[in-house]
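Chains, contacts and geometry: an overview
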Amino acid sequence: MSGLTVSPICFGTWQLSPRFWGEQPKEVVVAAMRRAFEVGVNFYDTADAYGDGYAETVLGEAISVLPRDEIVVATKVYHHFYPDGRRHPDLSRDYVLAECDASLKRLGTSYIDLYQCHAFDPATPIAETAEALDQLRRAGKIRAYGMSNFTAEQTSLAIESGDFTTMQPKYNLMQREAENDVLPLCKANAVGVLAFSPLFNGLLTGKYAGTGTFTDFRSNVPAFQGERFRELAARVRSIEPIAGGYGLSITQLVLAVTLQNPMIDCAIVGIKTAQHIEEAAAVMGRKVSREDFHRVRQELGTA
């Protein structure tokens, strides 16, 4: 693996991408980022594409008052974006090298702990990308590098082509497809797994009755619309008695069960407020019985 020591809960920052989530009060998010460190979360995940650099800038401001050697900062490269809003995939050697420098500047740090390919670029040989990442590591600009959103086949190719030490797949208790291929492949090759969307864009928090509407990107997601939304929300609410038996909220039970999967090393949780990170951090180290582990998964089913 990467050799990095991280908390099992990671502070995710995709919510700072206005095109998906709308505007978020910067001062509230910065306060939450700093509160995370106080409650035992030392791991922060962002990407250059989130708000075309905005999320990195906000995170840089937040961590400027934290002890840099006690936190782990992860960001990503892939989207070559332009001032006019255009973007396209680009994991070419020259772009990776240049964009790393841009990310370092926005983050206000001299090194990135974990630099990840945000997705697979079909126009660039993965060996070329790995060579650039190795160059950055030798220069001390990054400590380790990994992948995100790769298929099992792409993951296997990356492992053969370079020292990719982490993988960031979409995974939650209603979307468990990665258990069939990506997760076992990573486990067999000692690649750390950082699950993103463990709360299914908020659906698995239990705060929805399935009747609301959304002004962000979820307004176009089938799981958040009509009868399907109502049915999925009811399934989530059905596990509340199990959560109560452990003194946990639905959110906490979902995260606990997610992290209890031996193929998952970390859950990246999208956080908007200090209260959100306090709730998520409180689940670190919590376990449920084997019976309840399977019961929760059965109750939730698949989306």
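Refer to the structure printed above.
**Considering the environment of Asp-90**
The residue Asp-90 is located in the loop between β5 (87-89) and α4 (93-107) in this model. Accessibility expressed as a relative area gives 11% for Asp-90, which makes it buried. When the C-alpha positions of Asp-90 and Pro-262 are compared, they lie 33 Å apart, and in sequence the two are 172 residues distant. Not counting residues within four places of it along the chain, the set of residues in contact with Asp-90 comprises Tyr-78, His-80, Tyr-95 and Asp-121. Side chain to side chain, Asp-90 and His-80 meet in a polar contact 2.9 Å long. Looking at Asp-90, its side chain comes within polar contact range of the side chain of Ser-92, at 2.7 Å.

**Considerations on the packing of helix α5 (residues 126-138) against helix α6 (residues 152-161)**
Two quantities define a packed helix pair, namely the angle between the axes and the distance from one axis to the other. Here α5 crosses α6 at 50°, and the two axes come no closer than 9 Å. The angle between the axes of α5 and α6 places the two elements in the oblique class. For the pair α5 and α6, the crossing hand works out as right-handed. Facing α5, whose interface residues are Ile-126, Ala-127 and Ala-130, α6 presents Leu-157, Ala-158 and Ser-161. For the contact of α5 with α6, the residue count by class is five nonpolar, one polar and no charged.

**Here's the deal with the sheet that holds strand β9 (residues 192-196)**
As summarised here, the arrangement of the eight strands in space is β1-β2-β3-β6-β7-β8-β9-β10, forming a closed barrel in which the pairing is parallel. When the angles between neighbouring strand axes are averaged without regard to direction, this sheet yields 30°. Pairing of strand β1 (residues 9-12) with strand β10 (residues 266-270), which is carried by four bridges, proceeds in the parallel orientation. Among the inter-strand pairings, Phe-11 is bridged to a residue of β10, identified as Val-269.

**Focus on the nonpolar core**
By size, the foremost hydrophobic cluster in this structure holds 96 residues, and its most contacted members are Ile-9, Met-33, Tyr-115, Leu-133, Phe-164 and Leu-253. If one sorts the elements of this core by residue count, helix α10 (residues 250-260) sits on top with seven residues. Apart from residues lying up to four places away in sequence, Ile-9 is in contact with Val-41, Phe-43, Leu-255, Leu-259, Cys-266, Ala-267, Val-269, Ile-277, Ala-280, Val-283 and Met-284. With 11 residues, the next largest nonpolar core counts Val-72, Leu-194, Cys-266 and Ile-268 among its residues.

**Examining the pattern of salt bridges**
Evaluated as defined, the whole model comprises 20 salt bridges. Glu-99 is the salt-bridge partner of Arg-106, the closest N and O atoms lying 2.8 Å from each other. With relative accessibility at 21%, the residue Arg-106 sits in the partly exposed group. Here the residues in one salt-bridge network are Arg-19, Asp-52 and Arg-87, joined through shared partners.

**Side note on the packing of aromatic side chains**
All told, the structure shown has 14 aromatic pairs when counted by the stated rule. A ring pair is formed by Trp-14 and Trp-21, whose centres lie 5.4 Å apart and whose planes are at 85°; its orientation type is edge-to-face. On the basis of an interplanar angle of 85° and a centroid distance of 5.5 Å, the ring pair of Phe-120 and Phe-150 is categorised as edge-to-face. Taken as a pair, Phe-120 in the loop between β6 (112-117) and α5 and Phe-150 in the loop between β7 (142-148) and α6 lie far apart in primary sequence, 30 residues in all. According to the relative accessible area criterion, Phe-150 is buried, its value standing at 4%. Put simply, the rings of Phe-200, Tyr-208, Phe-214, Phe-224 and Phe-229 pair up and form one aromatic cluster. Seen from the ring of Tyr-82, Arg-86 lies directly overhead, with NZ or CZ sitting 4.2 Å from the centre. Directly above the ring of Phe-224 sits Arg-218, whose terminal nitrogen or CZ lies 5.6 Å from the centroid.

What counts, and where the lines are drawn
- Residues numbered from 1 in each chain as written.
- Predicted model: local features only at pLDDT ≥ 70, side-chain atom pairs only at ≥ 80, totals over all residues.
- Heavy atoms only, no water.
- Helix = DSSP H or I, 4+ residues; strand = E, 2+ residues; numbered from the N terminus.
- Buried < 20%, exposed > 50% of the residue type's maximum accessible area, 1.4 Å probe, protein only.
- Contact = heavy atoms within 4.5 Å.
- Polar contact = N/O pair within 3.5 Å; in protein donor to acceptor, adjacent residues only side chain to side chain.
- Axes fitted to C-alpha atoms, helices over the stretch in contact; angles between N-to-C directions.
- Parallel < 35°, antiparallel > 145°, perpendicular 65-115°, else oblique.
- Left-handed = near helix turned anticlockwise from the far one by under 90°.
- Nonpolar A, V, L, I, M, F, W, Y, C, P; charged D, E, K, R; others polar.
- Pairing = 2+ DSSP bridges.
- Core = buried A, V, L, I, M, F, W, Y, C linked by side-chain atoms within 4.5 Å.
- Salt bridge = Lys/Arg side-chain N within 4 Å of Asp/Glu carboxyl O.
- Phe/Tyr/Trp six-rings, centres within 6.5 Å; stacked < 30°, edge-to-face > 60°.
- Lys NZ or Arg CZ within 6 Å of the ring centre and 35° of its normal.

Geometric descriptors of this kind do not, in isolation, establish any biological role.
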